[in-house]
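Structural overview
Below, each chain spelled out in residue letters.
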Amino acid sequence: MLKKIGLVILTLSIIQLGTKAQEKIITAKANPIITDKYTADPAAYVYKDSVYLYTGHDVCPKGKEHYEMHEWLCYSSADMVTWKEHPSPLNVKDFVWAKDDAWASQVIERDGKFYWYVAIAHGTIHGKSIGVAVADNPRGPFKDAIGKALITNDMTTDVKISWDDIDPTVIIDDDGQAYLFWGNQQCYYAKLKKNMIELDGPIQKVALTEFTEAPWIHKRKGWYYLSYASGFPEKIVYAMSKSVNGPWEYKGILNEVAGNSNTNHQSIIDFKGKSYFIYHNGAINTDGGSFRRSVCIDYLNYNSDGTMKRVIMTSEGVTKAK
């Protein structure tokens, strides 16, 4: 019996050591913050005393020019500089109905569960779709929450392209109502039921000036902010409203074209008294670019009337949050 107990303890110790070995510590000394692999489409989420950073993973080989992404990555930090890399918590293979393409995503917590909304290519319905995964903690592992896509390309027919159902962003309003926004060329939104895995009403269109893709919804001091990529190469612009249902007033450019990358994709958070703008560029030498992107972080500042100041992209990045 003692031998069996000892064997169990030894086995658990090996598992724990193996898990810790996969959780590498990264100290960001500048932008981009992660330099050992390509990271794209950052989505940050503040939970308790940490920031969880979820990214796509560009693996397009040198000399090729296409999006190749098969998994999502997860990092966490208590100070915005020292990051712990966790084992990849979600892969396209976790969605049996999907084909490939681990595109932009966002995670949110509700009632102790973490819901991860992802853009992914559908296996049988032509075009991109939005799936949702769920986990008991922000590090995962995550699993497909419903066994099918939440949004498919045949549900949105106003834009005659196959990739208009991408880039999900989600918010839970102060009254508890959750909303999902997404889109390319046309921005859509819909209410979510409290279970976070079903739509609660029709899909509606959002009227936005020069909308391309990459919506990000956040709320601060009574204002709703909808930032998004515009034009191509993409700049980040934004609109404001006093209602999550709009109307949205265009406020102009928030972030210019991010170096050496045609796309621009942002997340915005408040953490330990400061606001942060998290985005990607193609700045890693020597093979960085539009299909091998890297996450950067800079400060975001607000004016007294609630409008946001244009983000200054820096090589230095941010300092430790205290």
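Residues numbered from 1 in each chain as written. Predicted model: local features only at pLDDT ≥ 70, side-chain atom pairs only at ≥ 80, totals over all residues. Heavy atoms only, no water.

Of regular secondary structure, the chain possesses 1 helix and 21 strands. Expected size for 322 residues packed as a compact globule is a radius of gyration near 20 Å; at 20 Å, the chain falls within 12% of this value. Oriented by its inertia axes, the alpha-carbon framework of the chain measures out at about 70 × 45 × 45 Å. Classification of the 322 residues of the chain by burial places 55% in the buried group. (Helix = DSSP H or I, 4+ residues; strand = E, 2+ residues; numbered from the N terminus. Rg over C-alpha atoms; globule rule 2.2 N^0.38 Å. Buried < 20%, exposed > 50% of the residue type's maximum accessible area, 1.4 Å probe, protein only.)

What follows concerns the side chain of Gln266. Inspection of the secondary structure assignment puts Gln266 in the loop between β18 (249–255) and β19 (267–271). Looking at Gln266, its side chain comes within polar contact range of the side chain of Ser227, at 3.0 Å. Apart from the residues within four sequence positions on either side, Gln266 is in contact with Pro42, Ala214, Pro215, Trp216, Ser227, Tyr228, Ile236, Phe277, Ile278 and Tyr279. (Polar contact = N/O pair within 3.5 Å; in protein donor to acceptor, adjacent residues only side chain to side chain. Contact = heavy atoms within 4.5 Å.)

What follows is about the confidence of the model for the chain. On average, residues of the chain score 93 in pLDDT, and 93% of them reach the 70 mark or higher. The low-confidence segment residues 1–21, where pLDDT is below 50, has 0 contacts with residues more than four positions distant or belonging to other chains. (pLDDT = per-residue confidence, 0-100.)

By the secondary structure assignment, Asp298 is in strand β21 (residues 294–300). As a buried residue without a salt bridge, Asp298 has its nearest oppositely charged side chain in Lys274, at a separation of 12 Å. A distance of 3.5 Å separates polar atoms of two side chains, one belonging to Asp298 and the other to Asn31. Apart from the residues lying within four places of it in its own chain, the contact partners of Asp298 are Asn31, Ser275, Tyr276, Phe277, Tyr279, Val311, Ile312, Met313, Thr314, Gly317 and Val318. (Lys, Arg positive; Asp, Glu negative; His and termini not counted. Salt bridge = Lys/Arg side-chain N within 4 Å of Asp/Glu carboxyl O.)

Residues Trp72, Phe95, Trp116, Tyr117 and Leu192 are the most contacted members of the largest nonpolar core, which totals 44 residues. Counting residues per element, the ones that place at least two in this core are β2 (38–47), β3 (50–58), β4 (69–77), β7 (105–110), β8 (113–122), β9 (128–135), β12 (178–184) and β13 (186–192). Counting residues in each nonpolar core, the second largest holds 19 residues, with Ile26, Leu73, Tyr276 and Ile297 among its members. (Core = buried A, V, L, I, M, F, W, Y, C linked by side-chain atoms within 4.5 Å.)

Omega for the peptide link from Asn31 to Pro32 comes to -5°, which places this bond in the cis form. Structurally, the position occupied by Pro32 is in the loop between β1 (25–27) and β2. Along the chain, Gly140 connects to Pro141 via a cis peptide bond; the corresponding omega equals 5°. For Lys221, which is not glycine, the phi torsion reads 50° and is therefore positive. Looking at the secondary structure, you find Lys221 in the loop between β15 (213–220) and β16 (223–230). We classify Lys221 as exposed; its relative accessible area is 71%.

Looking now at the pattern of salt bridges. Summed over the entire model, instances satisfying the criterion amount to 16 salt bridges. Between Lys128 and Asp101 there is a salt bridge, with the nearest N and O atoms lying 3.2 Å from each other. Of the two residues, Lys128 sits in strand β9 while Asp101 sits in the loop between β6 (98–100) and β7, which places them 27 residues apart along the sequence. Its relative accessible area of 12% is what places Lys128 among the buried residues. The buried category is assigned to Asp101, whose relative accessible area is 18%. Each of the salt bridges in this network shares a partner with another, and the network as a whole consists of Lys24, Asp36, Lys37 and Glu85.

Another point: the environment of Leu90. For Leu90, the position within the fold is in strand β5 (residues 82–91). You can call Leu90 buried: its relative accessible area is 1%. Between the C-alpha atoms of Leu90 and Phe142, which are 52 residues apart in sequence, the distance is 5.8 Å. Apart from residues no more than four positions distant in its own chain, Leu90 is found in contact with Glu71, Trp72, Phe95, Trp116, Val118, Ala133 and Phe142.

All chains considered together, the criterion is met by 16 aromatic pairs. A centroid spacing of 4.7 Å and a plane angle of 65° characterise the contact between Tyr67 and Phe291, whose relative ring orientation is edge-to-face. Placement of the pair is Tyr67 in the loop between β3 and β4 and Phe291 in the loop between β20 (274–281) and β21, with a sequence separation of 224 residues. Here Tyr67 falls in the partly exposed class, since its relative accessible area comes to 29%. Ring centres of Tyr276 and Tyr299 lie 5.5 Å apart, and the angle between their planes is 35°; on these two criteria the pair is classed as tilted. (Phe/Tyr/Trp six-rings, centres within 6.5 Å; stacked < 30°, edge-to-face > 60°.)

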